[in-house]
Amino acid sequence: MENFNVYAVRLLPKGEYIAPGHRACQGCAEVLAVRLVGKALGRNTVIACATGCMEIISSPLPTTSWRVPWIHVAFENAAAVASGVEAGLKVLMRKGRIPKKKINVLAMAGDGGTSDIGLQALSGALERGHNMIYVCYDNEAYMNTGIQRSSSTPFGAATTTSPAGKVKPGQVTWKKNMPEIAVAHNIPYVATACPSYPFDLMEKVKKAAEVEGPAYIHILSVCPTGWRLAPDLAIRAGRLAVETGIFPLYEVENGKYSLSVEIPKRRPVEDYLKIQGRFRHLTPDLIQKIQEHVDKKYNNLLAKVRFSEEMS
Amino acid sequence: MPKRVGMEVSIAASEAVRLANVDAIAAYPITPQTHIVEHLSEFVANGELDAEFIPVESEHSAMSVCCGTSAAGARTFTCTSSQGLALMSEIVFIASAMQLPIVMILANRSLSGPLSIWNDHTDVMLVRDCGWIQCFGENGQEIFDLTLCAFKIAEDHRVILPFIVNMDGFILSHVIEPVELLDQETVDKFLPVYKPVYRLDPDNPVTMGAFAMPDLYTETKKAQDERLKASKPVIEEIWKEFGDLTGRYYSPIETYKAEGAKTLFVTMGGFSETASTAVDMMREEGEPVGLCKIRLWRPFPFEDFWKAVKGVDTLIVIDRATSYGGPGGPVASELRSALYTWEDAPKVVDFIAGLAGRDVAPGDYKKMYQRAQQRIASGDIAGYEIYGVRE
Ligand SMILES: Cc1ncc(C[n+]2csc(CCOP(=O)(O)OP(=O)(O)O)c2C)c(N)n1
Ligand code: SF4
Ligand SMILES: [Mg+2]
C-alpha cells in the first residue's frame, strides 16, 4: 500500500463506471467511494444496489448513470439479489449458455441497508459462501430519507430521529461494529476503507475481487449534508476519522487482522467532532466519554492485530 | 404413450420443475409447500437436475434471490405458502414490475392468526394485485401440466411476466393422485431453453429497477397492466399447444353440467372436484345446477366468464378468503363488479366457506344451494355469509 498518501491521478485507472451528471450532493464522499470501487473492479462487473442515496442519485427513469449492468430491487435485499446474480451467472456458465469468464458480482448498500434492515439477507449470503463482494457505504444515518439515525450512527450524533434535546445528547447508543459481524461469518476477506485514502480503498476492492467466496468492505463515506459539514471538508473529515482512531483502516484476511494505516500518535477525537454540525451540542464530558470509548475500541483492535502477528 | 402413475401431487409438481430443466431454485421451507423443496433439493443433490439450489434464510430472500437469478438470465423457480408469501410479498410486486419471468407454486394456506397450517385462499388474495399471472389447478395432473406451461407462458417474449400456479395445501399437495408425466424429449420440444430479452451482461450493460418520478410512474403502470392483459391470448395459445401434444386441454374458465342449469356454483382450485360431485348428486335429484370453475384468475378472463354464465339465474360463489368488513369475499366481489353493467346479470350469492381446512363436503353444497334459495326469497343476497360456523 505504498501509494496511499500520494496524490497521483496518473495512477488511477481511467475507466469510469458511474457517469458524471448523477444527482449526489456537492462533496458527497459516498459517490466518490462508489466511483473508486468501480475503477478498482473494471467493466466486468454486475452491481446489485440497495435503495438509498446511491440508488436515487443514479437511476431516475428514463436515465441512468451506470455503465455496468446494475439492478436495484429493494432496500433490504442487495445481498440476496447479488447472491442470485452470482448463482445465476455460475449456472449459466456451467451449462454453456453464456461465455465462461470472471465477472465480479458486487452488492452495495448504505449503513441502514446493511446493519439494520439488510442484516439478515447479508448474513444469509455470507453464510452461504457466494463468490461476491459486499460493500457497505457507511454515512452513519439514513440519508436518503432525511438523516434519520441507524445502528451505525455514532454516539452523540444528532440526526432527525436522534435529535440533541434537553435531556438527550443525540444518538445514545454506540455504533454497531459491522465489520466484526462480517468477520464472525468466517469469510475470507473483510476490510474497512475510506475514500480519503483512495489507493488503499482500491487495493482492498481488488483483493476482495480476487478471493474465492464472500468479501465484505465497510467504507466510511462522509456525507456533508447529513453531517452538517462544509462540502470541501469531506476528504479532510475522512482522514480525521482515521487519524483519531475513530475509524481505523484494517483488513481481516482469513481471520488475521492487520492495520492498513498505522497511526503512531492518534489525534484527539475532538479534532474530528468539532468540524461537524451533528456534534455541535456535545459538552466536554461527552467528548471525554467518546475519547475513552475510542481508546478502548482502538486498543482492542491493536490487540487483535498483535495476536494475529503472534499466531502467524 | 406415457402411463398414469399414482404419486403425491407435490412430487408431480417437482417432476414438472425437473423436466422444465430450471437453472435456479431459491426457496424456504413452510408447510404445506415443503415436500416440493425437499424433492427438488434431492434432484439437485443426485445430479438429476443441473440447477443452483439456493437455501436462503427467509422467503424475503428467496424472492430476492429469484430476482437476481432471473435477471442474470436463468430459468427460475420458487414455491411457498401463507406466511412465506406474506414475508416475500414486498418483492413479489417488484418481480412483476421488473418483468422477471419467475414461476412460483403457491401451496395455498391460511394466514395467521390464529396460526393455522391448513388450506384456504387467504394467502393468494393478499397478492391479488401483484401483477403476476395467476391460475388455479384442480388436481395433480393439472398442477403438473399448468406448471410446465407456466414456464413457457412466463418466458414467451410477448409476455415476460412471473407466474403463480396455485395448488391447494394438503387437499392437493399431500394427496396421492394418478398423474401422467411427460418424457424429457417431449418437454424439451415444448419448452426450449430460456432466452431472455435482457440480462445482466457486462458486454451489454442495462439498468434494471430504476425509480420513477410522478411524470413517468403512471405510464409504467399502464404498460404493466396492458402487458398482463395481453398475456391472455398467449396463455390460451400455449394451453392449446399443450393440449394438442397431450390431449389435455385447459381453458381460463371451465363449466361442468352448465347446460340447462339455472344455478352455477363458482369455485377455484381443489374444491372444484367436490363441487362436481355435488352437482352430479343434485342433478340426479332434479336440481338445475352446474359448475363454473375459474382456472385463470389473473388476467381475469371476463369474456369467457360472461359466456359461461349467460342465461343463468344465480351464481353461488364459494369464497375461500374473507375481506373483513368488505362487500363480500374477494371472488364474489370481483364477479359482482364484472357483471354490474350487464343487463339480466345473474344474482350473486356469496358464501365464505372452507377456511383453514374446514371440510366442505358434497352435502354442504346442497345446504348452500338451499340457503341461497332462502336468501333470494327474502331478498337478502347482498354481502356474504360465512358458511358452516359452529354455534
Ligand atoms: C422496506 C423499506 N423500509 C423503508 C424504506 C425507506 N428508505 C429508503 S432508503 C432508506 C434509508 C437508506 O439509508 P442507508 O441504507 O443508510 O443509505 P443512504 O441513503 O444513507 O446512503 C429508507 C429508510 C424502504 N425503501 N423500504
Ligand atoms: S445526502 Fe449525503 S450521502 Fe446522500 S448524496 Fe448527499 S452527500 Fe451523498
Ligand atoms: Mg446511510
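Residues numbered from 1 in each chain as written. Chains lettered and ligands numbered in written order. Predicted model: local features only at pLDDT ≥ 70, side-chain atom pairs only at ≥ 80, totals over all residues. Heavy atoms only, no water.

A look at the packing of helix H10 (residues 302-309) of chain B against helix H11 (residues 330-339) of chain B
All names here are of chain B.
Then, in step 1: At their nearest, the axes of H10 and H11 sit 11 Å apart, and the two run at 85° to each other. As summarised for this structure, H10 and H11 are arranged roughly perpendicular, according to the angle between their axes. Judged by residue contacts, Phe-302, Phe-305, Trp-306 and Val-309 of H10 engage Leu-335, Ala-338 and Leu-339 from H11.
Then, in step 2: Partitioned by chemical class, the residues of the contact of H10 with H11 number seven nonpolar, no polar and no charged. (Axes fitted to C-alpha atoms, helices over the stretch in contact; angles between N-to-C directions. Helix = DSSP H or I, 4+ residues; strand = E, 2+ residues; numbered from the N terminus. Parallel < 35°, antiparallel > 145°, perpendicular 65-115°, else oblique. Contact = heavy atoms within 4.5 Å. Nonpolar A, V, L, I, M, F, W, Y, C, P; charged D, E, K, R; others polar.)

Some words on helix H8 (residues 214-246) of chain B
Residues and elements named next belong to chain B.
Then, in step 1: Along its 33 residues, H8 runs 48 Å from first to last C-alpha, staying within 8% of the 48 Å computed at 1.5 Å per residue.
Then, in step 2: Of all the bends in H8, the greatest, near 30°, is centred on Lys-232, and the proline Pro-233 appears no more than four residues after it.
Then, in step 3: All of the buried residues in H8 are Gln-224, Leu-228, Ser-231, Lys-232, Val-234, Ile-235, Ile-238, Trp-239, Phe-242, Gly-243 and Thr-246.
Then, in step 4: Buried residues along H8 sit against helix H4 (82-97), strand E6 (133-136), helix H6 (140-155), helix H7 (184-190), strand E13 (296-298) and H10. (Expected span 1.5 Å × (residues − 1). Bend = angle between axes of the 7 residues up to and from the residue. Buried < 20%, exposed > 50% of the residue type's maximum accessible area, 1.4 Å probe, protein only.)

Observations concerning the packing of aromatic side chains
Then, in step 1: Applying the stated criterion across every chain, the model contains 16 aromatic pairs over all chains.
Then, in step 2: Ring centres of Tyr-272 of chain A and Phe-279 of chain A lie 6.4 Å apart, and the angle between their planes is 50°; this geometry places the pair in the tilted category.
Then, in step 3: Overall, Tyr-272 of chain A belongs to the buried group, its relative accessible area being 2%.
Then, in step 4: Residue classification places Phe-279 of chain A among the buried positions, given a relative accessible area of 4%.
Then, in step 5: Taken together, a centroid distance of 6.1 Å and an interplanar angle of 80° make the contact between Trp-297 of chain B and Phe-300 of chain B edge-to-face. Residue Trp-297 of chain B shares its accessibility class with Phe-300 of chain B, and that shared class is buried.
Then, in step 6: Every member of this aromatic cluster is reached through a ring pair, and the members are Trp-297, Phe-300, Phe-302, Phe-305 and Trp-306 of chain B.
Then, in step 7: The ring of Tyr-197 of chain A carries Arg-239 of chain A above its face, with NZ or CZ at 4.4 Å from the centroid. (Phe/Tyr/Trp six-rings, centres within 6.5 Å; stacked < 30°, edge-to-face > 60°. Lys NZ or Arg CZ within 6 Å of the ring centre and 35° of its normal.)

Section: the domain arrangement of chain B
Residues and elements named next belong to chain B.
Then, in step 1: Domain annotation for chain B reports domain 1 (4-246) and domain 2 (253-386).
Then, in step 2: Each of domain 1 and domain 2 has a C-alpha centre, and the two are 28 Å apart.
Then, in step 3: Counting residues at the interface gives 30 residues for domain 1 and 25 residues for domain 2.
Then, in step 4: Of the roughly 2200 Å² buried between domain 1 and domain 2, counting both surfaces, carbon and sulfur atoms make up 60%.
Then, in step 5: Three residues, Arg-128, Phe-136 and Glu-138, lead the burial of domain 1 against domain 2; their summed loss comes to 27% of the area buried on that side. (Domains from an automatic or database assignment. Buried area = accessible area lost by both parts, 1.4 Å probe.)

Observations concerning the sheet that holds E6 of chain B
Residues and elements named next belong to chain B.
Then, in step 1: With respect to topology, seven strands assemble into an open sheet ordered E3-E2-E4-E5-E7-E6-E13, the strand pairing being mixed. Looking at the sheet topology across the chains shown, the edges are occupied by strand E3 (52-54) and E13. Here the average twist between neighbouring strands, direction ignored, is 20°.
Then, in step 2: With six bridges connecting them, strand E5 (residues 103-108) and strand E7 (residues 163-168) associate as parallel partners. Counterpart to Met-104 in the pairing with E7 is Ile-164.
Then, in step 3: In the packing of H6 onto the sheet, contacts are made with strand E4 (76-80), E5, E6 and E7, and the angle to E7 comes to roughly 170°. (Pairing = 2+ DSSP bridges.)

Comments concerning the interface of chain A and chain B
Then, in step 1: In this assembly, 44 residues from chain A lie in contact with 43 residues from chain B.
Then, in step 2: Across the chain A/chain B interface, buried area totals approximately 3400 Å², and carbon plus sulfur atoms make up 61% of it.
Then, in step 3: Summed over the shared surface of chain A and chain B, the number is eight salt bridges.
Then, in step 4: The closest approach of N and O atoms between Arg-43 of chain A and Asp-203 of chain B, which form a salt bridge, is 3.2 Å.
Then, in step 5: At the surface where chain A touches chain B, the tally comes to 20 residue pairs in polar contact (both at pLDDT 80 or more). (Salt bridge = Lys/Arg side-chain N within 4 Å of Asp/Glu carboxyl O. Polar contact = N/O pair within 3.5 Å; in protein donor to acceptor, adjacent residues only side chain to side chain.)

Structural notes on the site of ligand 1
Residues and elements named next belong to chain A.
Then, in step 1: The environment of ligand 1 is made up of 18 residues, and the closest members are Glu-30, Cys-53, Asp-111, Gly-112 and Gly-113.
Then, in step 2: Contact distances for ligand 1 include 2.7 Å between an oxygen atom and a side-chain N or O atom of Glu-30.
Then, in step 3: The side chain of Asp-111 places a nitrogen or oxygen atom 2.9 Å from an oxygen atom of ligand 1.
Then, in step 4: For ligand 1, whose accessible area on its own is 590 Å², the fraction buried by protein is 77%.
Then, in step 5: With three residues, the top contributor of residues to the shell around ligand 1 is helix H4 (residues 111-116).
Then, in step 6: In terms of residue class, the shell around ligand 1 is built from six nonpolar, eight polar and four charged. (Near = heavy atom within 4 Å. Areas by Shrake-Rupley, 256 points an atom, 1.4 Å probe, with all protein chains shown as cover.)

Considerations on the pairing of strand E14 (residues 314-319) of chain B
All names here are of chain B.
Then, in step 1: For E14, a buried count of six out of six residues is recorded, marking the element as mostly surrounded by other parts of the structure.
Then, in step 2: Side chains of E14 alternate between two faces, with Thr-314, Ile-316 and Ile-318 and Leu-315, Val-317 and Asp-319 buried alike.
Then, in step 3: Here six bridges tie E14 to strand E15 (residues 347-352), and the two strands are oriented parallel to one another. Each bridged residue has a counterpart across the sheet, and for Thr-314 the counterpart in E15 is Lys-347.
Then, in step 4: At this point the chain moves from E14, through H11, to the parallel E15, and the crossover so formed is right-handed. (Right-handed = clockwise from strand over helix to strand, strands pointing away.)

Comments concerning the site of ligand 2
Then, in step 1: Near ligand 2 you find Ala-24, Cys-25, Cys-28, Glu-30, Cys-53, Asn-139, Met-143, Cys-223, Pro-224 and Thr-225 of chain A, and these make up its full shell.
Then, in step 2: When grouped by side-chain class, the residues that make up the shell around ligand 2 number seven nonpolar, two polar and one charged.

Concerning the side chain of Arg-75 of chain B
Then, in step 1: As for its placement among the helices and strands, Arg-75 of chain B is situated in the loop between helix H3 (59-72) and E4.
Then, in step 2: The residues touching Arg-75 of chain B, leaving out its near neighbours within four places in the chain, are Ala-20, Asn-21, Val-22, Asp-23, Ala-24, Phe-151, Glu-155, Leu-191, Pro-192, Val-193 and Tyr-194 of chain B.

Considering the confidence of the model for chain B
Then, in step 1: With 100% of its residues at a pLDDT of 70 or more, chain B shows a mean pLDDT of 97.
Then, in step 2: Overall fold confidence for the complex sits at a pTM of 0.97, while the interface term, ipTM, reaches 0.97. (pLDDT = per-residue confidence, 0-100.)

A word on the pairing of E6 of chain B
Residue and element names in this part refer to chain B.
Then, in step 1: On E6, burial covers both faces: Ile-133 and Cys-135 on one face and Gln-134 and Phe-136 on the other are all buried.
Then, in step 2: Summarising the sheet, E6 and E7 pair through four bridges and their orientation is parallel. In the strand pairing of E7, Gln-134 is matched with Ile-164.
Then, in step 3: Note that the unit made of E6, H6 and E7 has a crossover that is right-handed.
Then, in step 4: Pairing geometry for E6 and E13, over two bridges, is antiparallel. Bridge pairing links Cys-135 to Leu-296 in E13.

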